[in-house]
Amino acid sequence: MALVTSGSGAGQVIAEVAMNGGADPNATTVRATVVQASTIFHDTPATLDKAERLVAEAAGYGSQLVVFPEAFIGGYPRGSTFGFGISISIINPKDKGKEAFRRYHAAAIDVPGPEVSRLAAMAGKYKVFLVMGVIEREGYTLYCSVLFFDPLGRYLGKHRKLMPTALERIIWGFGDGSTIPVYDTPLGKIGALICWENKMPLLRTALYGKGIEIYCAPTADSRPVWQASMTHIALEGGCFVLSANQFCRRKDYPPPPEYEFAGLGEEPSADTVVCPGGSVIISPSGEVLAGPNYEGEALITADLDLGEIVRAKFDFDVVGHYSRPEVLSLVVNDQPHLPVSFTSAAEKTPAAKSDSDATKSY
């Protein structure tokens, strides 16, 4: 794995409050790594093994924070239409697409669940804050989510993608305002938005309102214009922006006919790059500290001078001295929205109590 460095070297489980993550609270510099690597598609155990190797390598470079791409666990279904490439008529059977969804559903993970426990153990073993893009399975609905872990091996909570893009809406559910966390850690206040929801000004403002300082942006967008969005967010929010994307070749996905790429005219060759990455780390002043990398799988690492946040806010504090709340303000509905709720006050069953206790253990 290449190291690219800077020129200068189920609901929320743990509340969004300060926590002892094992880092020096007086430190003014944080070493952060964004991972640019591919999922092993349809093989979640192997992907977890790969994730651990990458976390270990990043920790070996002294990284305190490691950020993975969107949907690293479970996979981003690049090129797949799930049977909806020609028609979206429900009268026309989409048996092939339904089987593709069954395989994709099988590769997703439950939160909490054994894979979450393993990720928590990784963070604890290598003493890092870990931000991991996953495909979350809740019953038969999938969500594109980001999970947060601390160096004590604790699962902190999650962010569910609020607004899937284009064909993503066929396979992923929608998050709500109850999973937009920002965690106050010894490294700084950490949160995340996923891919194009970073283009939603009000959603970004919700994170700014929570004081985000290290803004993680796992993505699947490798276009050069993505860099402009990341630079704008860094300047707008006065925060560090860490954007992690996968670097994938066709051979990282199952071969045809099990998995077929659409929209490319013809089936790409095994070595064709289907996602060139573009992972990057940007300072609050808009300076590119590391990346963007379009060359291959890499660990993209930079030292974040936390003093840069204060210096940037002197010029522009979007929810502070540069706001006009008497003219413009934002109200965020941060309550969970459930399709079914029960008003009964009956006692929980023993099984329900056990589920609740299991949730609290993470």
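Numbering of residues begins from 1 in every chain and follows the order in which that chain's sequence is written. Local features in this predicted model are restricted to residues of pLDDT 70 or higher, and side-chain atom pairs are both shown and tallied only at a pLDDT of 80 or more, whereas totals for entire chains, interfaces and linings draw on every residue. Values shown for side chains rest on all heavy atoms present in the structure; no hydrogens or waters enter the calculation.

Draft legend 1. Structural context of the sheet that holds strand S10 (residues 240–243). Between any two strands, at least two bridges found by DSSP are needed for them to pair. By definition, any uninterrupted DSSP run of H or I lasting at least four residues is a helix, any uninterrupted run of E lasting at least two residues is a strand, and each is numbered from the N terminus. The strand order across the open sheet built from six strands is S7-S8-S9-S10-S13-S14, with neighbouring strands paired in mixed fashion. Two strands lie at the open edges of the sheet, namely strand S7 (182–185) and strand S14 (288–293), each paired on one side alone. Neighbour-to-neighbour, the strand axes of the sheet open up by a mean angle of 15 degrees, direction not taken into account. For strand S13 (residues 279–282) and S14, the ladder comprises three bridges, and the chain directions are antiparallel. Residue pairing for S14: Ile-281 is matched across the bridge by Ala-290. Axis definition: a line fit to C-alpha positions, over the contact stretch in the case of helices; interaxial angles, taken between N-to-C directions, run 0 to 180 degrees.

Draft legend 2. The side chain of Thr-185, seen in detail. By secondary structure assignment, the location of Thr-185 is in strand S7. Here a polar contact is taken to be a pair of N or O atoms separated by no more than 3.5 Å, where protein atoms must pair a possible hydrogen donor with a possible acceptor and residues adjacent in sequence count only if both atoms sit in side chains. A distance of 3.0 Å separates a polar side-chain atom of Thr-185 from the backbone nitrogen of Leu-187. Those residues in contact with Thr-185 that lie beyond four places of it in its chain are Phe-129 and Ile-190. Contacts are residue-level and defined by heavy atoms, with any inter-residue pair within 4.5 Å sufficient.

Draft legend 3. View of helix H2 (residues 95–107). Helix span, as expected, comes to 1.5 Å for every residue beyond the first. Over its 13 residues, H2 extends 19 Å from the first C-alpha to the last, a length consistent with the 18 Å expected when each residue adds 1.5 Å. Taken together, the buried positions of H2 are Gly-97, Ala-100, Tyr-104, His-105 and Ala-107. The buried residues of H2 occupy an angular sector of 155 degrees when projected down its axis, which confines them to one face. Exposed residues lying more than 90 degrees from the buried face of H2 are Asp-95, Lys-98 and Ala-106. Partly exposed describes any residue whose relative accessible area lies between the buried limit of under 20% and the exposed limit of over 50%, with all areas from a 1.4 Å probe on protein chains only and scaled to the type maximum. The directions considered for the arc are those from the helix axis to the C-beta atoms.

Draft legend 4. Local environment of the nonpolar core. In terms of nonpolar packing, the biggest core is built from 49 residues, with Leu-65, Leu-242 and Leu-304 touching the most fellow members. Apart from residues lying up to four places away in sequence, Leu-65 is in contact with Arg-31, Ala-32, Thr-33, Phe-129, Val-131, Leu-187, Ile-190, Ile-214 and Leu-242. We define the nonpolar core as a collection of buried residues of types Ala, Val, Leu, Ile, Met, Phe, Trp, Tyr and Cys that are connected through side-chain atoms lying within 4.5 Å of one another.

Draft legend 5. The arrangement of the UniProt feature "active site" (unreviewed entry) in the chain in detail. UniProt positions are given in the numbering used here, feature names are shortened, and annotations may be inferred rather than shown by experiment. In the numbering adopted here, UniProt assigns the feature "active site" (unreviewed entry) to Glu-70. Inspection of the secondary structure puts Glu-70 in the loop between strand S3 (65–67) and H2.

Draft legend 6. The arrangement of unusual backbone geometry in detail. That bond from Val-111 to Pro-112 is cis: its omega, 0 degrees, falls within 30 degrees of zero. That bond from Pro-256 to Pro-257 is cis: its omega, 5 degrees, falls within 30 degrees of zero. Structurally, Pro-257 is set in the loop between strand S11 (247–249) and strand S12 (273–276). Unusually for a residue other than glycine, Lys-127 sits at a positive phi of about 55 degrees. Within the fold, Lys-127 resides in the loop between helix H3 (114–126) and strand S4 (129–138). Located in the positive-phi region is Ala-166, a residue other than glycine, with phi close to 50 degrees. Along the chain, the position of Ala-166 falls in the loop between strand S6 (155–160) and helix H4 (168–171). Overall, Ala-166 belongs to the exposed group, its relative accessible area being 54%.

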